[in-house]
Amino acid sequence: MNTENAGFNTKLIHGGDIDDQFGSATVPIYQTSTFSFKSAEEGAKCFAGESDGYIYTRIGNPTINALEKQIAILENGYGAIAVSSGMAAATTIYLALLSSGDHIVSTDAIYGPSRGVMEKQFVRFGFQSTYINTTDVDAIEKAIRPNTKMLYIETPANPTMDITDLKACADIAHKHGIILVVDNTFCSPYLQNPLDFGADIVFHSMTKFINGHADIIAGIIITKEKALYTQLRTMMINLGCNMDPHQAYMVLRGLKTLSIRIDRAQENAMKVAEFLEKHPKVAWVKFPGLKSHPQYELGKQQMKGDGSMISFGLKTGFEGAKILMNNVHLALLAVSLGGIETLIQHPASMTHAKVSKEDKQKAGITDDLIRFAVGIEDAKDIIEDLKHGLEKI
Ligand SMILES: *Cc1c(COP(=O)(O)O)cnc(C)c1O
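Fair warning: this is a prediction, and the values are worked out from it, not measured in the lab.

1. Brief notes about the environment of Ala82
Line of reasoning, step 1. As for its placement among the helices and strands, Ala82 is situated in strand β1 (residues 79-83).
Line of reasoning, step 2. Spatially, the C-alpha atom of Ala82 lies 9.8 Å from that of Lys69, the residues being 13 residues apart in sequence.
Line of reasoning, step 3. In contact with Ala82, other than residues within four places in its own chain, are Ile64, Glu68, Gly219, Ile220, Met236, Asn242 and Met243.

What follows is the structure in structure tokens.
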């Protein structure tokens, strides 16, 4: 079906159609490492790029390509490159587009390893990085140097839920001739489409909302233009961080219910955030749907929904947080997010443990911050669970 003018939900179900000789309703799993050529001449054509026939699964595979085609449609991009994980997406972007001596400007409250790999590993290759609060547009402009090649942001940021202005970032990036990369994991293509605001590259940890069932690790990169697509695909093929066909099939399966899962999760999240905001033991709550969120208006402009990630702090700080985490039963004490189940975790001692104390403080990743990923259970049960946990403090 041609889904060009169809709505998002129709694209979710029919956007990834592939030709299949038996009329299968779902994309078959082409669990093969290699593809035979019909003739020596055809093999030569495939390698010369004169035919788009498949060669070898690290380079391309019909199941993986069906997923890539569908996500590119959902993000309004030129093309997509599926990879083995969200971190494979981040590192492929860094390695494909940065050279020794190049500099990036990025969000200080960002997925921990996306920052850690730059500061602790890639610094050996001469990559330079500056982490700032990107909600401050002037600070971005000031951080740009003559050797800056990339503005790399995450919005809402992990775990502070700070919202960065996508359009303003695109304007700054293009004024300085640098590439804007957006980690769109917290929103998924259902809630935010950064390419529409002028970003050059978007990526997702599909481990989270896109697959949504907490049973797969996967990532994907989407570009607006062909040139970046080709550069990134070449790097992915050479790094060998390709997706596996079975993994692609699982993500395709999870993807179909993306919008109905997020609709339920964010409806629940709004109720949970309102409950927390009124609770006497809670010091603060940060959720894009609450009017108290510092970038509430900006969130309404660039996001199509509030998402289901909440951060909050207790008046009793980390001591209280530990008691709460040890006394919830419905919420799993686990990292990750975007799945069907509710998760609770403590970033300062878990996901962001490797960020230095000083950098955590600067980024607003305070010791009292609890990250709560709301699932699709009944809101009343999630709230009841929190209520019981909070009673123990
Ligand atoms: C989980 C996550 C990643 C990394 O993804 P993996 O699939 O775990 O490698 C990157 N960015 C954000 C915002 C994430 O939540």
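2. So, the sheet that holds strand β12 (residues 369-373)
Line of reasoning, step 1. The sheet built from five strands is open, its strands ordered β8-β9-β12-β11-β10 with mixed pairing. In this open sheet, the two strands that pair with only one neighbour each are β8 (282-286) and β10 (332-333).
Line of reasoning, step 2. Where β8 and strand β9 (residues 309-314) come together, four bridges link them in antiparallel fashion. From the neighbouring strand, Lys286 faces β9, where its bridge partner is Ser311.
Line of reasoning, step 3. Across the sheet, helix α11 (residues 258-278) is in contact with β8, β9 and β12; its angle to β9 comes to roughly 10°.

3. Describing helix α9 (residues 226-239)
Line of reasoning, step 1. For α9, spanning 14 residues, the distance from its first C-alpha to its last is 20 Å, which sits close to the expected 20 Å at 1.5 Å a residue.
Line of reasoning, step 2. Among all positions in α9, only Leu228, Tyr229, Leu232, Arg233, Met236 and Ile237 are buried. All buried residues of α9 fall inside an arc of 160° around its axis, so they share one side. Exposed residues lying more than 90 degrees from the buried face of α9 are Ala227 and Asn238.
Line of reasoning, step 3. In this structure, the buried residues of α9 make contact with α3 (62-74), β1, α4 (86-97), β5 (179-183), β6 (201-205) and β7 (219-223).
Line of reasoning, step 4. Gly240 sits one or two residues past α9 and shows a positive phi near 75°.

4. Looking at the site of the ligand
Line of reasoning, step 1. In the vicinity of the ligand lie 13 residues, with Met87, Asp183, Ser205, Thr207 and Lys208 positioned nearest.
Line of reasoning, step 2. A distance of 2.8 Å separates an oxygen atom of the ligand from a polar atom in the side chain of Ser205.
Line of reasoning, step 3. For the ligand, an oxygen atom lies 2.6 Å from a polar atom in the side chain of Thr207.
Line of reasoning, step 4. Protein coverage of the free-state accessible area of the ligand, which is 380 Å², stands at 94%.
Line of reasoning, step 5. Residues of the shell around the ligand, tallied by class, amount to five nonpolar, five polar and three charged.

5. Focus on the packing of aromatic side chains
Line of reasoning, step 1. Under the defined criterion, the tally for this structure stands at eleven aromatic pairs.
Line of reasoning, step 2. Between Phe35 and Tyr54 the ring centres are 5.4 Å apart and the planes differ by 35°, which places this aromatic pair in the tilted class. Placement of the pair is Phe35 in the loop between α1 (8-14) and α2 (40-48) and Tyr54 in the loop between α2 and α3, with a sequence separation of 19 residues.
Line of reasoning, step 3. Looking at Tyr54, the relative accessible area reads 29%, which means it is partly exposed.

6. Notes on the sheet that holds strand β3 (residues 128-132)
Line of reasoning, step 1. If you trace the seven strands from one edge of the open sheet to the other, you get β1-β7-β6-β5-β4-β2-β3, paired in mixed fashion. The open sheet has two free edges, formed respectively by β1 and β3, since each of these has just one partner strand. Mean inter-strand twist for the sheet, computed between neighbouring axes without regard to direction, equals 20°.
Line of reasoning, step 2. In this sheet, β3 lies alongside strand β2 (residues 103-107) in parallel orientation, the contact comprising five bridges. Following the sheet pairing, Ile104 is matched in β3 by Ser129.
Line of reasoning, step 3. Here α3 sits on the sheet and contacts β1 and β7; the angle it forms with β1, its principal contact strand, is near 130°.

7. Considering the nonpolar core
Line of reasoning, step 1. By size, the foremost hydrophobic cluster in this structure holds 55 residues, and its most contacted members are Leu67, Leu180 and Met206.
Line of reasoning, step 2. Both domains that meet at this core, namely domain 1 (8-255) and domain 2 (258-391), each give it at least three residues.
Line of reasoning, step 3. Ala96, Phe122, Tyr131 and Tyr152 belong to the second-largest nonpolar core, a separate cluster that totals 30 residues.

8. What to know about the pattern of salt bridges
Line of reasoning, step 1. The tally for this structure, following the rule as stated, stands at eleven salt bridges.
Line of reasoning, step 2. Two residues, Lys167 and Asp171, come together in a salt bridge whose shortest N-O distance is 3.1 Å. Linking Lys167 with Asp171, this pair stays in helix α7 (residues 166-175), spanning four residues, or about one helical turn.
Line of reasoning, step 3. Across the pair Asp306 and Lys300 runs a salt bridge, and its minimum N-O distance is 3.0 Å.
Line of reasoning, step 4. Take Lys300: its relative accessible area is 40%, and that puts it in the partly exposed class.
Line of reasoning, step 5. One salt-bridge network, held together by shared partners, links Arg115, Glu119 and Asp359.

9. Focus: the side chain of Gln295
Line of reasoning, step 1. Tracing the chain through its elements places Gln295 in the loop between β8 and α12 (296-302).
Line of reasoning, step 2. Discounting chain neighbours no more than four positions away, the residues touching Gln295 are Thr135, Asp162 and Ile163.

10. Some remarks on a nonpolar patch on the surface
Line of reasoning, step 1. A cluster of nonpolar side chains, Leu333, Val335 and Met350, forms an exposed patch at the surface whose accessible area comes to about 240 Å².
Line of reasoning, step 2. Looking at the secondary structure, you find Val335 in the loop between β10 and β11 (343-345).

11. Side note on the domain arrangement of the protein chain
Line of reasoning, step 1. Segmentation of the protein chain into domains returns domain 1 (8-255) and domain 2 (258-391).
Line of reasoning, step 2. Spacing between the C-alpha centres of domain 1 and domain 2 amounts to 26 Å.
Line of reasoning, step 3. Between domain 1 and domain 2, the residue contacts involve 42 residues of the former and 38 residues of the latter.
Line of reasoning, step 4. Buried surface at the junction of domain 1 and domain 2, both sides included, amounts to about 3,200 Å², of which 59% is carbon and sulfur.
Line of reasoning, step 5. If you sort the residues of domain 1 by the area they bury against domain 2, Ile163, Leu191 and Phe209 come out on top, with a joint share of 22%.
Line of reasoning, step 6. Along the contact surface separating domain 1 from domain 2 lie two salt bridges.
Line of reasoning, step 7. Of all the elements in the fold, those that place two or more residues in the side of domain 1 that touches domain 2 are α1, α5 (112-121), α8 (188-191) and α10 (245-255).
Line of reasoning, step 8. By residue class, the composition of the side of domain 1 that touches domain 2 is 20 nonpolar, 15 polar and seven charged.

About the thresholds
- Residues numbered from 1 in each chain as written.
- Predicted model: local features only at pLDDT ≥ 70, side-chain atom pairs only at ≥ 80, totals over all residues.
- Heavy atoms only, no water.
- Helix = DSSP H or I, 4+ residues; strand = E, 2+ residues; numbered from the N terminus.
- Contact = heavy atoms within 4.5 Å.
- Pairing = 2+ DSSP bridges.
- Axes fitted to C-alpha atoms, helices over the stretch in contact; angles between N-to-C directions.
- Expected span 1.5 Å × (residues − 1).
- Buried < 20%, exposed > 50% of the residue type's maximum accessible area, 1.4 Å probe, protein only.
- Arc of directions from axis to C-beta.
- Near = heavy atom within 4 Å.
- Polar contact = N/O pair within 3.5 Å; in protein donor to acceptor, adjacent residues only side chain to side chain.
- Areas by Shrake-Rupley, 256 points an atom, 1.4 Å probe, with all protein chains shown as cover.
- Nonpolar A, V, L, I, M, F, W, Y, C, P; charged D, E, K, R; others polar.
- Phe/Tyr/Trp six-rings, centres within 6.5 Å; stacked < 30°, edge-to-face > 60°.
- Core = buried A, V, L, I, M, F, W, Y, C linked by side-chain atoms within 4.5 Å.
- Domains from an automatic or database assignment.
- Salt bridge = Lys/Arg side-chain N within 4 Å of Asp/Glu carboxyl O.
- Patch = residues over 30% accessible without salt bridge, like charges linked within 9 Å, V, L, I, M, F, W, Y side chains within 5 Å.
- Buried area = accessible area lost by both parts, 1.4 Å probe.

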